[in-house]
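Understanding the architecture of this molecule
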Amino acid sequence: MRAMERLLAETRRHFGAGWSLPEYRQVELYTKRKKLEFGEDPAPGDGAEAYLGVHLAVQLLESHLLGAHEELMEGLSSWERYLALPRRNGVDKLVAEVYRILRIFRVASLHRDGHMECHEGLIRISCTFRRCALSLNITPAGLSLLESFVYTYLGSSAKPYGEAYVERLLLQYFIDIVAEIGKFADEDRILYQFRNPGFFNRHFRFDCDNPRLESSEGHYCFDIGATYADPVRYPIDFFFGVADQLHIVPVEALKNGRLAESELSRWLAREPYQTHLPAAFRQRFGREVMVVGLPMT
């Protein structure tokens, strides 16, 4: 059994990026403590391999930020680098706060006086760095969400989704990350607070390239139908063209199935995909043309 568990873990590590597996995260409905019993923990180890993905995510994010903003290379400390990060839009602000969280993980995990342990379902990270107490208590699911945020952000430039769409997606990741943090402390001690416009389903999305819509009284009205009217169960992305330009509108942006015409420009596809989708999207939208009268087998 142990051998099969290790085999499955290795298989997932190499080939599991596209798997659709359930995501398990804790929710506390009441303040009463849990009374579950657990088996004995396996023999302890340093667990360094469990955090390799987080270290790589930190490195990739910082490499991207340094490459995009040369002024950040000028001998700044990691805290000064955080303060100097651009905050021109919502995406920039979200990235800055995630960099700030990951900074604590990297400093504490690499510093000679850093401390990291897993206890009672929380990864407890702490370090005294330049006379400042850094502390982060976060669940393993929270660390996984931090990795997911970084890879989603870095990969967004190669996808057609516009800035408003990416911001809503990353904001939902950030909200879920904060929910997995039990304790946080750095030089400023308080994470930046973002206004939540509503739930955005980051777990899965439905692509629709043939929406029925019409323009009426300054709004685009989408004919979704009763079956797919619940945006939580059916988080649909509508792909459609207006004036020969591709737009991608998430159902969460609609109010009662309507989108103001003045809001449409926010959902314009990212360049250079305003007239065509990437070739990789063909697999998501391809469909066989059915000939009436022929059997399906």
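To be clear, the structure that these remarks concern was listed above.
Presented here is a report on the structure given in the accompanying data block. Starting afresh in each chain, residues are numbered from 1 along the sequence in its written order. The predicted nature of this model means local features are confined to residues of pLDDT at least 70 and side-chain atom pairs, given and counted, to a pLDDT of 80 or more, with totals for whole chains, interfaces and linings taken over all residues. Heavy atoms from the whole structure form the basis of all side-chain values; hydrogens and water molecules are not counted.

1. Points about the overall build of the protein
When helices and strands are counted, the protein shows seven helices and ten strands. Its C-alpha atoms give the protein principal-axis dimensions of about 70 × 55 × 40 Å. By definition in these notes, contact holds between two residues if any of their heavy atoms fall within 4.5 Å. Excluding contacts between residues fewer than 6 apart, the proportion of contacts in the protein whose partners are at least 24 apart in sequence is 63%. Roughly 19500 Å² of accessible area belongs to the protein as shown, and the carbon and sulfur atoms make up 53% of that amount. Averaging the positions of the 36 positive and the 40 negative side-chain charges in the protein gives two centres separated by 3 Å. Only runs of H or I of at least four residues qualify as helices and only runs of E of at least two qualify as strands under DSSP, and these elements are numbered from the N terminus. All accessibility values rest on the Shrake-Rupley procedure with a 1.4 Å probe; residue burial counts only the protein chains present in the view. Note on charges: Lys and Arg go in the positive column, Asp and Glu in the negative column, and His and the chain ends are not counted at all. Charge placement uses NZ in Lys and CZ in Arg. For Asp and Glu, CG and CD serve respectively.

2. A look at the pairing of strand 7 (residues 219-222)
The pairing of strand 6 (residues 213-216) with strand 7 spans four bridges and is antiparallel. Paired with Leu-213 across the two strands is Phe-222, which belongs to strand 7. Whether two strands pair comes down to DSSP finding at least two bridges between them. Linking two consecutive strands that pair antiparallel, namely strand 6 and strand 7, is a turn of two residues; a positive phi of about 55° is found at Glu-217 within it. With three bridges joining them, strand 7 and strand 10 (residues 258-260) adopt antiparallel strand pairing. Bridging from a neighbouring strand, His-219 pairs with Ala-260 of strand 10.

3. Things to note about the packing of helix 5 (residues 140-155) against helix 6 (residues 163-179)
Axes here refer to lines fitted to C-alpha atoms; in helices the fit is confined to the stretch in contact. Angles between the N-to-C directions go from 0 to 180 degrees. In contact at an axis separation of 9 Å, helix 5 and helix 6 are set at 165° when each is read in the N-to-C sense. On the basis of the axis angle, helix 5 is roughly antiparallel to helix 6. Helix 6 is crossed by helix 5, and the crossing has left-handed handedness. Where helix 5 abuts helix 6, its residues Gly-142, Leu-145, Leu-146, Ser-148, Phe-149, Thr-152 and Tyr-153 lie against Leu-169, Leu-170, Tyr-173, Phe-174, Asp-176 and Ile-177. Note that Gly is not counted as nonpolar here; it falls among the polar residues with everything else outside the nonpolar set of Ala, Val, Leu, Ile, Met, Phe, Trp, Tyr, Cys and Pro and the charged set of Asp, Glu, Lys and Arg. Along the lines of polarity and charge, the residues of the contact of helix 5 with helix 6 split into nine nonpolar, three polar and one charged. What sets the label is the angle itself: under 35 degrees gives roughly parallel, over 145 gives roughly antiparallel, 65 to 115 gives roughly perpendicular, and the rest give oblique. Should the near helix be turned counterclockwise from the far one by less than a right angle, the crossing is left-handed, whereas a clockwise turn marks it as right-handed.

4. Considerations on the pairing of strand 1 (residues 115-119)
Of the pairings in the sheet, the one linking strand 1 to strand 2 (residues 122-129) comprises five bridges and is antiparallel in character. Pairing of Met-116 across the sheet is with Ile-125, part of strand 2. Linking strand 1 to strand 2, which pair antiparallel, is a turn of two residues; within it Glu-120 sits at a positive phi near 55°.

5. Comments concerning the sheet that holds strand 4 (residues 181-185)
Taken together, the four strands give an open sheet; going across it, the order is 1-2-3-4, and neighbouring strands pair in antiparallel fashion. Only two strands of the sheet have a single neighbouring strand rather than two, namely strand 1 and strand 4. Put simply, the sheet's adjacent strands are angled 10° from each other on average, direction ignored. When strand 2 meets strand 3 (residues 132-138), the two strands line up antiparallel, connected through seven bridges. Bridge pairing in strand 3 links Cys-127 to Leu-134.

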